[in-house]
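Secondary and tertiary structure notes
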Amino acid sequence: MPKIAINGIEREVPVGTLVLDACRDAGVDIPHYCYHPALSPVATCRMCLVEIKGQPKLATSCTTTVGPAPKDNPEGLAMEIFSNTPQVADARAGVMEFLLINHPLDCPICDQAGECKLQDYSYNYGSGDSRMHETKRRYRYEDLGGKIVIDKNRCIHCTRCVRFTQEISGGAELTVAQRGSKLEVTTYSGKSLDQNPYAGNVVDLCPVGALTSRDFRFKKRVWYLKHTPSISRHSALGSPITIDHEGNQLFRFRPRPLEGRKDTFFISDAERAAYERYNAADRETHPRLKAAATSFEAVRDAFLAAGGPVAVIGQGTFGCDAAQRLGELASAEGLRYGSGDKTIPVVLPKLQTSADGVLNRRGFTERGFRFAQLEELLGKVRAGEVKAVVVLHDGEFSSAKEENLLNQILMAAPFSLAFEIFQSDLGRSATAWLPLTSFVEESDFIVNHDGELRRYQKAIEPPKGTRTLPAWVKALQAVPVPA
Ligand code: SF4
Ligand code: FES
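Each value, and the rule that gives it
Residues numbered from 1 in each chain as written. Chains lettered and ligands numbered in written order. Predicted model: local features only at pLDDT ≥ 70, side-chain atom pairs only at ≥ 80, totals over all residues. Heavy atoms only, no water. Helix = DSSP H or I, 4+ residues; strand = E, 2+ residues; numbered from the N terminus. Buried < 20%, exposed > 50% of the residue type's maximum accessible area, 1.4 Å probe, protein only. Contact = heavy atoms within 4.5 Å. Areas by Shrake-Rupley, 256 points an atom, 1.4 Å probe, with all protein chains shown as cover. Lys, Arg positive; Asp, Glu negative; His and termini not counted. Charge placed at Lys NZ, Arg CZ, Asp CG, Glu CD. Pairing = 2+ DSSP bridges. Axes fitted to C-alpha atoms, helices over the stretch in contact; angles between N-to-C directions. Near = heavy atom within 4 Å. 1 Å grid on protein atoms, 1.4 Å probe; cavity = no way out; pocket = protein on both sides within 12 Å on 5 of 7 lines; lining within 4 Å. Sits in = over half its atoms within 2 Å of the grid points. Nonpolar A, V, L, I, M, F, W, Y, C, P; charged D, E, K, R; others polar. Domains from an automatic or database assignment. Buried area = accessible area lost by both parts, 1.4 Å probe. Salt bridge = Lys/Arg side-chain N within 4 Å of Asp/Glu carboxyl O. Polar contact = N/O pair within 3.5 Å; in protein donor to acceptor, adjacent residues only side chain to side chain. Arc of directions from axis to C-beta. Parallel < 35°, antiparallel > 145°, perpendicular 65-115°, else oblique. Left-handed = near helix turned anticlockwise from the far one by under 90°. Points joined across faces, edges and corners; volume = space filled by probe spheres on them.

**Observations regarding the overall build of the protein chain**
Summing up its helical and strand segments, the protein chain has 13 helices and 24 strands in all. Dimensions of the protein chain along its principal axes, counting C-alpha atoms only, are 85 × 55 × 40 Å. Considering the protein chain as a whole, with its 483 residues, one finds that 53% of them fall into the buried category. Pairs at least 24 residues apart make up 67% of the contacts formed inside the protein chain by residues separated by at least 6 positions. When the accessible surface of the protein chain is split by element, carbon and sulfur atoms take 52% of a total near 21,500 Å². Mean positive and mean negative side-chain charge positions of the protein chain (59 and 58 charges, respectively) differ by 1 Å.

In structure tokens form, the structure reads like this:
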């Protein structure tokens, strides 16, 4: 590997490494706006300029790559980069002055405050002065559909949002119109971001407060939020997300990019909006027996009295610990069945696609659960070969057809016990019902279709009365379960 020097410190990097990446890996911060690892480079903002020995002008580090070592000196430096010279500082301050020419000083009411690259870089690299005496350009807020709001006054024309709709989501709803001081990001006539199921990503991509989410606007100053690493339970691939929460309330689900994984920068709007479901305050939190509220002990006694053989049905949208403990309730290995067939496809053709909505199918299969075999179980229940059925279920992830089949199984079984987060019609038709914590209220892990283990951590406290599936099973096992 060729050797390079960054601000006098030598290191080795592969040929073709972006100078910006090489600097970042070396712990040297290079400010940038238009560069994004998942988007094509355009080098328009000029914020990432560095000095390279032997080159007459400053170079954009987002488009300059490291070449091989000199032929006449293989041990010599392939490149000498400087990010701390007066010329670089002067260039950065000049770029900041240009970018702020038309930018309003509305940070106190801007939703991006606290997460704004313009704020950060202005503080770190700006000159603190402006020679702009003319009136600033003014636009009104505009809706780009129902989900996204644009404030063109704040836009710095980095084109990240435009490139996203052209290169990643594919709808090309956004474009840059006009020229010079009238340059503006807008939608093609007749188009709206409502037609784009991945539109929310433009808010994350926008380095300033020009694009904001209709849902999150003015709800919470970001510095009050706590951040917990998790996964998107509504994604077919269990995409990594960050849960933003405060005061036991969820405010946002955002993508949590993994190093070197371009496919983890983006999640769908449906996955983003899913946080609202887990904020629901009107959840049933009492154990139920024959539709009446009761104690856990009464449910346990009824379960034990029902006798065996016991079959379990685990929905593959729960974690592996839950799968493991649920499997222990089955009287035989062959009596572990999998469910969950409602597809939430991931469709980002250039990055990732999946048509399977059961994100932990692999984790459940590895623990002996057999999917698409519910007809077999129905036959066994009707033949009297299974006396009790325990179902781990979430109505959000079963199709009407599967719900119908599950319902027939519960109706035919002499005894049934349902574990649910939100009580569904299916849960109400079970003999007994126990309230579960949701994935934001517990820690567990899944193994997605690509065989990747993805963990999620507890973000908020569960409602009183709910327990994790392993905790309920442990309590049931405190006395011997039916064989
Ligand atoms: S709206 Fe945001 S992401 Fe789009 S060009 Fe302007 S600053 Fe860049
Ligand atoms: S980040 Fe390099 S020019 Fe914009």
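Back to the text.
**Quick word on the sheet that holds strand 13 (residues 249-255)**
Pairing in this open sheet of three strands is antiparallel, and the strands run 11-12-13 from one edge to the other. The strands lining the two open edges of the sheet, one partner per strand, are strand 11 (226-231) and strand 13. Within the sheet, the average angular offset between the axes of one strand and its neighbour, ignoring direction, is 30°.

**Topic: unusual backbone geometry**
A positive phi angle, near 50°, is found at Ala 43, a position not held by glycine. Looking at the element boundaries, Ala 43 is found in the loop between helix 1 (19-25) and strand 3 (49-52). For Ala 291, which is not glycine, the phi torsion reads 75° and is therefore positive. Tracing the chain through its elements places Ala 291 in the loop between strand 14 (288-289) and strand 15 (292-293). For Ala 291, a relative accessible area of 54% corresponds to the exposed category.

**Remarks on the site of ligand 1**
Within the structure, ligand 1 sits among Cys 155, Ile 156, His 157, Cys 158, Thr 159, Cys 161, Val 185, Cys 206, Pro 207, Val 208, Ala 210 and Leu 211. Among the cavities detected, the one that contains ligand 1 is the largest cavity. Grouping the constituent residues of the shell around ligand 1 by class yields 10 nonpolar, two polar and no charged.

**Section: the domain arrangement of the protein chain**
How large an interface is tends to be reported as the accessible area lost when its parts come together. Assigned domains of the protein chain: these are domain 1 (3-94), domain 2 (101-221) and domain 3 (288-477). For domain 2 versus domain 3, the distance between C-alpha centres works out to 44 Å. The interface is formed by four residues belonging to domain 2 together with seven residues belonging to domain 3. Across the interface of domain 2 and domain 3, roughly 410 Å² is buried in total on both sides, 61% from carbon and sulfur atoms. Remark: the boundary between domain 2 and domain 3 carries zero salt bridges.

**Some words on the side chain of Thr 187**
For Thr 187, the position within the fold is in strand 9 (residues 184-187). Take Thr 187: its relative accessible area is 19%, and that puts it in the buried class. When residues no more than four places from it in sequence are discounted, the contact partners of Thr 187 are Leu 144, Glu 173 and Leu 174.

**Topic: the environment of Asn 153**
In this structure, Asn 153 sits in the loop between strand 7 (148-150) and helix 4 (160-168). Separated by 13 residues in the primary sequence, Asn 153 and Arg 140 place their C-alpha atoms 8.1 Å from one another. If we ignore the near neighbours within four places in the chain, the residues touching Asn 153 are Asn 102, His 103, Pro 104, Arg 137, Arg 138 and Tyr 139. Here Tyr 139 takes part through its backbone nitrogen, which lies 2.7 Å from a polar atom of the side chain of Asn 153.

**Some remarks on helix 8 (residues 320-327)**
Residues Cys 320, Ala 322, Ala 323, Leu 326 and Gly 327 constitute the buried set of helix 8. Seen along its axis, helix 8 keeps its buried residues to an arc of 155°; they face one direction. Buried residues along helix 8 sit in contact with strand 16 (310-315), strand 17 (336-339), helix 9 (361-366), strand 20 (388-393), strand 23 (444-447) and helix 13 (469-477).

**Focus on the packing of helix 10 (residues 374-382) against helix 11 (residues 400-412)**
Following both chains from N to C, one finds helix 10 and helix 11 inclined at 20°, their axes separated by 9 Å at the closest point. In terms of axis orientation, helix 10 runs roughly parallel to helix 11. With respect to the hand of their crossing, helix 10 and helix 11 are arranged in left-handed fashion. For the pair helix 10 and helix 11, the contacting residues are Leu 374, Glu 375, Leu 377, Leu 378, Val 381 and Arg 382 in the first and Glu 402, Leu 405, Leu 406, Gln 408, Ile 409 and Ala 412 in the second. Tallied by class, the residues present in the contact of helix 10 with helix 11 amount to eight nonpolar, one polar and three charged.

**As for the layout of surface pockets**
In this structure, the largest pocket occupies an estimated 1,400 Å³ of space. If you go around the largest pocket, you meet 50 residues; those closest to its centre are Val 203, Asp 204, Leu 205, Arg 254 and Pro 255. Elements with a contribution of two residues or more to the lining of the largest pocket: helix 1, helix 3 (117-125), helix 5 (201-205), strand 10 (211-213), strand 13 and helix 6 (269-273). Broken down by element, the residue count for the lining of the largest pocket peaks at five residues, all from strand 13. Classifying every residue of the lining of the largest pocket gives 21 nonpolar, nine polar and 20 charged. Residue contributions to the lining of the largest pocket reach at least three from each of two domains, namely domain 1 (3-94) and domain 2 (101-221). Its boundaries defined by the atoms lining it, the second largest pocket holds a volume of some 480 Å³.

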